[in-house]
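Take a look at the letters that make up each chain.
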Amino acid sequence: MLKKWVIAILLILGVPLISAAIIDSDLQGELQNKNEIDVIILLEDDTTARDLILEVKTPRAQAELTVADEYPHLQAISATINEEALDILIKSDTVAGVFEDKEYSIFPTEETTL
């Protein structure tokens, strides 16, 4: 439940500022260390998860996008992607943003250094 609230807040704060696709700057670095990464993909109006899957899988056989959850009321999906799929998403007109699917907190965590 907390994950859905974090996603909703991220989307509410980020959507009014979107004029071009916003891509989390850490994603490409993370994909160099891993083969796949979990992401939240913000979709442009009238784009469905099915549309995005067709767009990603058509150009390159190496691109992988596996949808985990759909959030139609937020115009977003959570998915697992590889580096080739990220390259396609960055260039896509149907994508408003791509963010790593992780927990965000406004409070300090053990990982935070002062």
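Look up a bit, the structure's there.
Here the structure is a predicted model, which means the values were calculated and not measured.

## A closer look at the pattern of salt bridges
Okay, so step 1: Tallying each qualifying case throughout the model produces two salt bridges.
Okay, so step 2: For the salt bridge of Lys 34 with Glu 30, the shortest nitrogen-to-oxygen distance reads 3.6 Å.
Okay, so step 3: Its salt-bridge partner being Lys 102, residue Glu 100 comes within 3.9 Å of it at the nearest N-O pair.

## Points about the packing of helix H3 (residues 49-57) against helix H4 (residues 83-91)
Okay, so step 1: Orientation of H3 relative to H4, taken along the N-to-C sense of each, is 115 degrees, at an axis distance of 9 Å. In this view, H3 runs roughly perpendicular relative to H4, as classed from their interaxial angle. Seen from above, H3 lies across H4 with right-handed handedness. Residues Leu 52, Glu 55 and Val 56 of H3 pack against Ala 85, Ile 88 and Leu 89 of H4.
Okay, so step 2: Class assignment for the residues of the contact of H3 with H4 results in five nonpolar, no polar and one charged.

## A look at the sheet that holds strand S2 (residues 36-43)
Okay, so step 1: Spatially, the five strands line up as an open sheet ordered S1-S5-S2-S4-S3, and their pairing is mixed. Whereas interior strands pair on both sides, the edge strands pair on one side only; in this sheet they are strand S1 (22-23) and strand S3 (65-71).
Okay, so step 2: Summarising the sheet, S2 and strand S4 (residues 76-82) pair through seven bridges and their orientation is antiparallel. Paired with Val 39 across the strands is Ala 79, a residue of S4.
Okay, so step 3: Against the sheet, H3 makes contact with S2, S3, S4 and strand S5 (95-100), and its axis sits at roughly 165 degrees relative to S3, the strand it touches most.
Okay, so step 4: Seen against the sheet, H4 touches S1, S2, S3, S4 and S5 and runs at an angle of roughly 135 degrees to S4.

Criteria and thresholds
Residues numbered from 1 in each chain as written. Predicted model: local features only at pLDDT ≥ 70, side-chain atom pairs only at ≥ 80, totals over all residues. Heavy atoms only, no water. Salt bridge = Lys/Arg side-chain N within 4 Å of Asp/Glu carboxyl O. Axes fitted to C-alpha atoms, helices over the stretch in contact; angles between N-to-C directions. Helix = DSSP H or I, 4+ residues; strand = E, 2+ residues; numbered from the N terminus. Parallel < 35°, antiparallel > 145°, perpendicular 65-115°, else oblique. Left-handed = near helix turned anticlockwise from the far one by under 90°. Contact = heavy atoms within 4.5 Å. Nonpolar A, V, L, I, M, F, W, Y, C, P; charged D, E, K, R; others polar. Pairing = 2+ DSSP bridges.

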